[in-house]
Amino acid sequence: METVNLLKEVNKITELYTYKKIGLLNGNVLSIVQVENRTLDFHVHENSDELFYVIEGGFHLETEEKKTKVNTGELIIVPKGLKHRPVVNELTKFLMIELSGTLNKENSGDQYEE
């Protein structure tokens, strides 16, 4: 059992779009990543909700029906089965939590490594 400082850990990542796994929780993977100027294709996670927590920065979470702004210190949970995409313009540092196997190269912009 160890404490994790999210900001310190995400600041250790030297490249954009590189996911770093920082923990496992009941079958869920906790990953941190830095993203800038990226819009992924719309996609769906059929078997898992997905949580985005903004450590620093901000982004829009877009669905077919609306676009929601998420700022530093805020989180948003995307229910499983909902078509969505993150729209990131400014440098944003995330904690993401989802069921193991949910993120893959196809829905992460080809940057996720198992």
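Residues numbered from 1 in each chain as written. Predicted model: local features only at pLDDT ≥ 70, side-chain atom pairs only at ≥ 80, totals over all residues. Heavy atoms only, no water.

J.: When you look at the overall build of the chain in this model, what are you seeing that I'm missing?
T.: The helix and strand inventory of the chain stands at 1 helix and 9 strands. Counting from the amino terminus, helix and strand elements in the chain follow one another as α-β-β-β-β-β-β-β-β-β. The buried share of the chain, taken over its 114 residues, is 39%. Across the chain, the fraction of contacts at a sequence separation of at least 24, relative to all contacts at a separation of at least 6, is 63%. For the chain, the exposed area adds up to about 6800 Å²; of that, 47% sits on carbon and sulfur atoms. (Helix = DSSP H or I, 4+ residues; strand = E, 2+ residues; numbered from the N terminus. Buried < 20%, exposed > 50% of the residue type's maximum accessible area, 1.4 Å probe, protein only. Contact = heavy atoms within 4.5 Å. Areas by Shrake-Rupley, 256 points an atom, 1.4 Å probe, with all protein chains shown as cover.)

J.: Help me out: how do you make sense of the side chain of Ser48 in this one?
T.: Mapped onto the elements of the fold, Ser48 is located in the loop between β3 (38-39) and β4 (50-56). Of note is the side chain of Ser48, whose polar atom sits 3.0 Å from the backbone nitrogen of Leu99. (Polar contact = N/O pair within 3.5 Å; in protein donor to acceptor, adjacent residues only side chain to side chain.)

J.: Can you help me understand the sheet that holds strand β2 (residues 28-35) in this one?
T.: Strand order in the open sheet made by the 5 strands is β1-β2-β9-β4-β7, with antiparallel pairing throughout. The open sheet is flanked by β1 (20-25) and β7 (75-78), the only strands paired with a single partner. Each strand of the sheet is rotated relative to its neighbour by a mean of 20°, with strand direction disregarded. (Pairing = 2+ DSSP bridges. Axes fitted to C-alpha atoms, helices over the stretch in contact; angles between N-to-C directions.)

J.: I'm lost on the sheet that holds strand β6 (residues 67-71) in this one. Help?
T.: Each strand in a sheet pairs with another by means of backbone hydrogen bonds, the pair being arranged parallel or else antiparallel. If you walk across this open sheet you meet the 4 strands as β3-β8-β5-β6, and the pairing is antiparallel. Because the sheet does not close on itself, it has two edges, and the strands there are β3 and β6. Across 5 bridges, the pairing between strand β5 (residues 58-63) and β6 is antiparallel. Bridging from a neighbouring strand, His60 pairs with Lys69 of β6.

J.: Help me understand unusual backbone geometry in this model?
T.: A negative phi holds for most residues other than glycine; trans holds for most peptide bonds. At Tyr17, a position not held by glycine, the phi torsion is positive, near 65°. Inspection of the secondary structure assignment puts Tyr17 in the loop between α1 (6-11) and β1. Of the residues examined, Tyr17 reaches a relative accessible area of 18% and is grouped as buried.

J.: Can you walk me through the pattern of salt bridges in this structure?
T.: Pairing between side chains of opposite charge can happen when their charged atoms approach one another. Counted by the stated rule, this structure contains 6 salt bridges. When the shortest N-O distance is used, the salt bridge between Glu9 and Lys20 registers 2.6 Å. You can see Glu9 sitting in helix α1 and its partner Lys20 sitting in strand β1, a full 11 residues away along the chain. Look at Glu9 and you get buried, because its relative accessible area is 18%. Overall, Lys20 belongs to the partly exposed group, its relative accessible area being 30%. Each of the salt bridges in this network shares a partner with another, and the network as a whole consists of Glu9, Lys12 and Lys20. (Salt bridge = Lys/Arg side-chain N within 4 Å of Asp/Glu carboxyl O.)

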